[in-house]
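One letter stands for each residue in the lines below.
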Amino acid sequence: MAEENREEKSKKIPMIQVKNLYKVYKVGDTRVYALGGVDFTIYKGEFCAIVGPSGSGKSTLLNMMAGLEKPSKGEILIAGKHIEKLTENQLVAFRRKLQTMNAVENVALPLSFRGVPRKKRNEKAVKYIKLVGLEKQMKHMANEMSGGQQQRVGIARALAVDPQIIFADEPTGNLDSKTTKEILGLMRKIVREQNQTLVMVTHDNYIAGFADRQLHIVDGKIFKIEEQHHDDTEEDTENEEER
């Protein structure tokens, strides 16, 4: 399976294509360019980090790729389809920590809005909870879990709806360094094994280092793209030792 995923990755199937993208805000009589003509492609099965300081335009860029903001000019293609003309009610964010549900109910919640029968959605939730390593915490409420465990539930919830792309804005912002490493390693593992596409925004170069590729943004423009080659065998060995 892993070999098949690697072969599919090698075909470089475009998942996100951003072309000449601008976002301009009017502040009084002044035009402020949050994005000033951005171009790049992100491929299926790729973990990509958009890296930049506060005010660089990285979160604006993520929001537009997720369909939460409209560009002033330019094109955004998701799996070959233009989304820049879609209405903003296409996406619903499930980022709040839900204190009244256990882990299985929490992960299954988005499926209930899609009309998936209870048995099927619970089966799917259990599958992804196991994938993120929380088999023993299935009946735990959010307030009975650590920050890292709650973050894992969030990852499982995102995966349960079979998304084309997972968008993550500073996904480990409130976690300690050990938990951050575990969560980012898990995200990279899921990208590799599930052939998912993950786009993460961060200001932290260490966190960005877990991605396959880094797009560095300053003043609304991409100024550098870095590729990184991770030794999956070494990573798996480290994870086994930690367990």
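Structure first, text after, so check above.
Residues numbered from 1 in each chain as written. Predicted model: local features only at pLDDT ≥ 70, side-chain atom pairs only at ≥ 80, totals over all residues. Heavy atoms only, no water.

(A) Looking closely at the overall build of the protein. The helix and strand tally for the protein stands at 8 helices and 9 strands. A total of 243 residues make up the protein; the buried ones form 43% of that total. Element-wise, carbon and sulfur atoms account for 48% of the exposed surface of the protein, whose accessible area totals about 13500 Å². (Helix = DSSP H or I, 4+ residues; strand = E, 2+ residues; numbered from the N terminus. Buried < 20%, exposed > 50% of the residue type's maximum accessible area, 1.4 Å probe, protein only. Areas by Shrake-Rupley, 256 points an atom, 1.4 Å probe, with all protein chains shown as cover.)

(B) A look at the sheet that holds strand 8 (residues 213-218). Strand order in the open sheet formed by 5 strands is 6-7-3-8-9, and the pairing between neighbours is mixed. Each end of this open sheet is capped by a strand with a single partner; those strands are strand 6 (165-169) and strand 9 (221-227). Going across the sheet, the axis of each strand differs from the next one's by a mean of 20°, ignoring polarity. In the sheet, strand 6 pairs with strand 7 (residues 197-202) via 5 bridges, with the strands oriented parallel. Bridge pairing in strand 7 links Ile-165 to Thr-197. Sitting on the sheet, helix 2 (residues 58-65) touches strand 3 (47-51), strand 6, strand 7 and strand 8, and the angle it makes with strand 7 is about 155°. (Pairing = 2+ DSSP bridges. Axes fitted to C-alpha atoms, helices over the stretch in contact; angles between N-to-C directions. Contact = heavy atoms within 4.5 Å.)

(C) Geometry of the packing of aromatic side chains. Following the criterion strictly, the structure yields 2 aromatic pairs and no others. Ring geometry for Tyr-22 versus Tyr-33: centroids 6.3 Å apart, planes at 75°, classification edge-to-face. Within this pair, whereas Tyr-22 is found in strand 1 (residues 14-27), its partner Tyr-33 is found in strand 2 (residues 30-43), the two being separated by 11 residues in sequence. On the accessibility criterion, Tyr-33 (44% relative accessible area) is partly exposed. Relative to Phe-210, the ring of Tyr-206 lies with its centre 5.5 Å away and its plane at 85°, an arrangement referred to as edge-to-face. (Phe/Tyr/Trp six-rings, centres within 6.5 Å; stacked < 30°, edge-to-face > 60°.)

(D) Just helix 2, in detail. Most of helix 2 is tucked away, with 6 of its 8 residues classed as buried. Taken residue by residue, helix 2 has Lys-58, Thr-60, Leu-61, Leu-62, Met-64 and Met-65 as its buried positions. After helix 2 finishes, the residue Gly-67 shows a positive phi value of roughly 80°.

(E) The pattern of salt bridges, seen in detail. One pass over the full model with this rule turns up 3 salt bridges. The partner of Glu-182 in a salt bridge is Lys-178, with the nearest N and O atoms 2.6 Å apart. Taken together, the residues Glu-182 and Lys-178, both in helix 6 (residues 177-194) and 4 residues apart, mark about one turn of the helix. According to the relative accessible area criterion, Lys-178 is exposed, its value standing at 58%. When the shortest N-O distance is used, the salt bridge between Glu-193 and Lys-189 registers 3.3 Å. Placement of the pair is Glu-193 and Lys-189 together in helix 6, with a separation of 4 residues, close to one helical turn. Using a relative accessible area of 34% as the deciding quantity, one classes Glu-193 as partly exposed. Since its relative accessible area comes to 23%, Lys-189 is described here as partly exposed. (Salt bridge = Lys/Arg side-chain N within 4 Å of Asp/Glu carboxyl O.)

(F) Region of interest: the nonpolar core. Counting 35 residues, the largest nonpolar core has Phe-47, Val-107, Val-132, Ile-155, Met-187 and Leu-198 as its most contacted members. Elements with a contribution of two residues or more to this core: strand 3, helix 3 (103-112), helix 4 (118-131), helix 5 (147-160), strand 6, helix 6, strand 7 and helix 7 (205-208). With 6 residues, the top contributor of residues to this core is helix 6. Not counting residues up to four positions away in its chain, the partners in contact with Val-107 are Ala-125, Ile-129, Val-153, Ala-156, Arg-157 and Ala-160. Grouped together as the second largest cluster of nonpolar side chains are 22 residues, Ile-16, Met-65, Ile-78 and Val-201 included. (Core = buried A, V, L, I, M, F, W, Y, C linked by side-chain atoms within 4.5 Å.)

(G) Layout of the sheet that holds strand 4 (residues 73-78). Here 4 strands make up an open sheet; going across it, the order is 2-1-4-5 and the pairing antiparallel. Both edges of this open sheet fall to strand 2 and strand 5 (81-82), since each of them pairs with a single strand only. Bridge count for strand 4 against strand 5 is 2 bridges, and the pairing is antiparallel. Of the residues in strand 5, the one forming a bridge with Leu-77 is His-82.

(H) The pairing of strand 1, seen in detail. Here strand 1 runs beside strand 2; their pairing, made up of 11 bridges, is antiparallel. Bridge pairing in strand 2 places Lys-23 opposite Leu-35. With antiparallel pairing between neighbouring strands as the criterion, strand 1 and strand 2 make up a hairpin whose turn holds 2 residues, including Gly-28 at a positive phi of roughly 65°. Note: strand 1 against strand 4, 5 bridges, orientation antiparallel.

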